[in-house]
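Commentary on secondary and tertiary structure
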Amino acid sequence: SQKIEQNSEALNIQEGKTATLTCNYTNYSPAYLQWYRQDPGRGPVFLLLIRENEKEKRKERLKVTFDTTLKQSLFHITASQPADSATYLCALGNNKLIFGAGTRLAVHP
Amino acid sequence: ETGVTQTPRHLVMGMTNKKSLKCEQHLGHNAMYWYKQSAKKPLELMFVYNFKEQTENNSVPSRFSPECPNSSHLFLHLHTLQPEDSALYLCASSQDWLVGGNQPQHFGDGTRLSIL
């Protein structure tokens, strides 16, 4: 069956460093991959979408890569800030989206 | 403000109660979704409606009954729930279902449901 893996352990980094989150998947060939941010008590908020024929997508301090050979996406936040602390979800799909369980990021001053 | 509003934000109910969750989107989207989010688990897609027609039912127990009277409103009717149904129920919308993976989904802030 389709499986999406995100690091279940929280990622703790120092302010100003680059945070890198990983999303791996198996038994699936999605055409699209999306990343969302979710804060406690709130719904997920869309951040970036990348297509299978795109290697990399950037938006301000965010960068996403999509390697369909490795079946992996990396999500980078450069010059991280405490306000970036949240849970980040990856989602893959063609029509419907399948979500990972998310990785919690904590950026410390 | 995400453009998707869910009410109530919190709901506590007994196993024999009947209640409904409401979702309204102001984005002009044609597809609406119900998801269940339990602690430490991925979002589980429950139902999808596209142009008011149900296009997906992910083997959801019949004690959950969705209703979509128009493209802007979505309801989830609850009846005889079990304790394991306690979770955050999220509503989302997107422009269209057919290429849903190619579009962002806009989520409400959810209803936190507790079954006693």
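Residue positions within a chain follow its written sequence, with the count starting from 1. Chains carry letters from A onward and ligands carry numbers from 1 onward, assigned in written order. Owing to the predicted nature of the model, reporting of local features is limited to residues with pLDDT of at least 70; listing and counting of side-chain atom pairs is limited to 80 or more, with chain, interface and lining totals taken over all residues. Calculated side-chain values reflect all of the structure's heavy atoms, with hydrogen atoms and water omitted.

1. Some thoughts on the overall build of chain A
Here a strand is any run of E in DSSP of at least two residues, a helix any run of H or I of at least four, and the numbering for each starts at the N terminus. Across its full length, chain A carries zero helices and 11 strands. Radius of gyration (C-alpha) of chain A: 13 Å, near the 13 Å computed for a compact globule of 109 residues. Looking at chain A residue by residue over its 109 residues, the buried ones come to 44%. In this analysis, two residues are considered to be in contact whenever any of their non-hydrogen atoms come within 4.5 Å of each other. Taking contacts inside chain A between residues at least 6 apart in sequence as the whole, the part at least 24 apart equals 55%. Residue exposure ignores everything except the shown protein chains as possible cover, and the areas themselves are Shrake-Rupley values with a 1.4 Å probe. When the accessible surface of chain A is summed, it comes to about 5,500 Å², and 46% of that surface belongs to carbon and sulfur atoms. It is over C-alpha atoms that the radius of gyration is taken, and the globule rule equals 2.2 Å times the number of residues to the power 0.38. Here the term buried applies to any residue with accessible area under 20% of the maximum for its type, exposed to any over 50%, and partly exposed to those in between, with areas from a 1.4 Å probe on protein chains only.

2. Notes on the environment of T87 of chain A
All names here are of chain A. Inspection of the secondary structure assignment puts T87 in strand β9 (residues 86-93). With a relative accessible area of 21%, T87 lands in the partly exposed category. Remark: the alpha-carbon pair of T87 and N7, spanning 80 residues in sequence, is separated by 11 Å. When sequence neighbours within four positions are dropped, the list of residues in contact with T87 reads Y36, R37, Q38, G102, T103 and R104.

3. Quick look at the packing of aromatic side chains
In this description, a pair of aromatic rings is defined by centroid distance and the angle of the planes. A pair of aromatic rings is counted whenever rings of Phe, Tyr or Trp (Trp by its six-membered ring) have centres within 6.5 Å, and the orientation is called stacked for planes under 30 degrees apart, edge-to-face for over 60 and tilted otherwise. Using the criterion set out here, one finds 12 aromatic pairs over all chains in the structure. Plain terms: the ring middles of Y36 of chain A and F46 of chain A are 5.7 Å apart, the flat faces sit at 70° to each other, and that makes the pair edge-to-face. You can see Y36 of chain A sitting in strand β4 (residues 32-38) and its partner F46 of chain A sitting in strand β5 (residues 45-51), a full 10 residues away along the chain. Among the residues examined, F46 of chain A registers a relative accessible area of 24% and is labelled partly exposed. When the centroid spacing of 5.5 Å and the interplanar angle of 40° are considered together, the rings of Y35 of chain B and F107 of chain B count as tilted. Highlighted residues: Y35 of chain B in strand β4 (residues 31-37) and F107 of chain B in strand β10 (residues 106-107), separated in sequence by 72 residues. One exposure class covers both Y35 of chain B and F107 of chain B, and it is buried. Feature note: the residues Y36, F46 and F99 of chain A together with Y33, Y35, W97 and F107 of chain B constitute an aromatic cluster, connected by ring pairs.

4. Brief notes about the interface of chain A and chain B
Each partner contributes to the interface: chain A provides 20 residues, whereas chain B provides 24 residues. Buried area counts how much accessible surface, traced with a 1.4 Å probe, disappears from two parts once they are put together, with both parts' losses summed. Each partner contributes to the roughly 1,700 Å² buried at the junction of chain A and chain B, and carbon and sulfur atoms together form 52% of this total. Together, N95, K96 and F99 of chain A form the three largest contributors to the area buried by chain A at its contact with chain B, with a combined 30%. Any carboxyl oxygen of Asp or Glu within 4 Å of a side-chain nitrogen of Lys or Arg constitutes a salt bridge here. A salt bridge links K96 of chain A to E56 of chain B; its shortest N-O distance comes to 2.8 Å. Pairing of N or O atoms within 3.5 Å defines a polar contact, subject to two protein rules: one partner must be a possible hydrogen donor and the other a possible acceptor, and residues neighboring in sequence count only if both atoms are side-chain atoms. Joining chain A to chain B, the criterion identifies eight residue pairs in polar contact (both at pLDDT 80 or more). Residue assignment for the side of chain A that touches chain B shows that the elements contributing at least two residues are β4, β5, β9 and β10 (97-99) of chain A. For the side of chain A that touches chain B, the leading source of residues is β4 of chain A, giving four residues. Lys, Arg, Asp and Glu make up the charged group, whereas Ala, Val, Leu, Ile, Met, Phe, Trp, Tyr, Cys and Pro make up the nonpolar group; the residues left over, Gly among them, are polar. Per-class residue counts for the side of chain A that touches chain B are nine nonpolar, eight polar and three charged.

5. A few points about the sheet that holds strand β6 (residues 56-59) of chain A
Residue and element names in this part refer to chain A. Two strands pair under a simple rule: DSSP has to find at least two bridges between them. Pairing is antiparallel in the open sheet, where five strands are placed in the order β1-β3-β8-β7-β6. Two strands close off the open sheet at either side, each with one partner strand: β1 (3-6) and β6. Across this sheet, the average inter-strand angle for adjacent strands is 15°, counted without regard to direction. Sheet topology note: the β1/strand β3 (residues 19-26) ladder contains four bridges and is antiparallel. What sits directly across from E5, in β3, is N24. Axes, fitted as lines to C-alpha atoms, cover a helix only where it is in contact. Angles between the N-to-C directions of the axes lie from 0 to 180 degrees.

6. Description of the pattern of salt bridges
As enumerated under the stated definition, the model contains 10 salt bridges over all chains in all. Between K41 of chain B and E44 of chain B there is a salt bridge whose closest N-O contact spans 4.0 Å.

7. Considerations on the nonpolar core
The nonpolar side chains of a soluble globular protein tend to be buried, and buried together. Among the nonpolar cores identified, the biggest contains 23 residues, and W35, F75, I77, Y88, L92 and L105 of chain A are the most heavily contacted of them. Listed by contribution, the elements that provide at least two residues to this core are β3, β4, β5, β7 (62-67), β8 (72-77), β9 and β11 (103-108) of chain A. Of all hydrophobic cores here, the second largest spans 22 residues; its members include V4, M46, V60 and L76 of chain B. Nonpolar cores were defined as sets of buried Ala, Val, Leu, Ile, Met, Phe, Trp, Tyr and Cys residues, with membership established by side-chain atoms within 4.5 Å.

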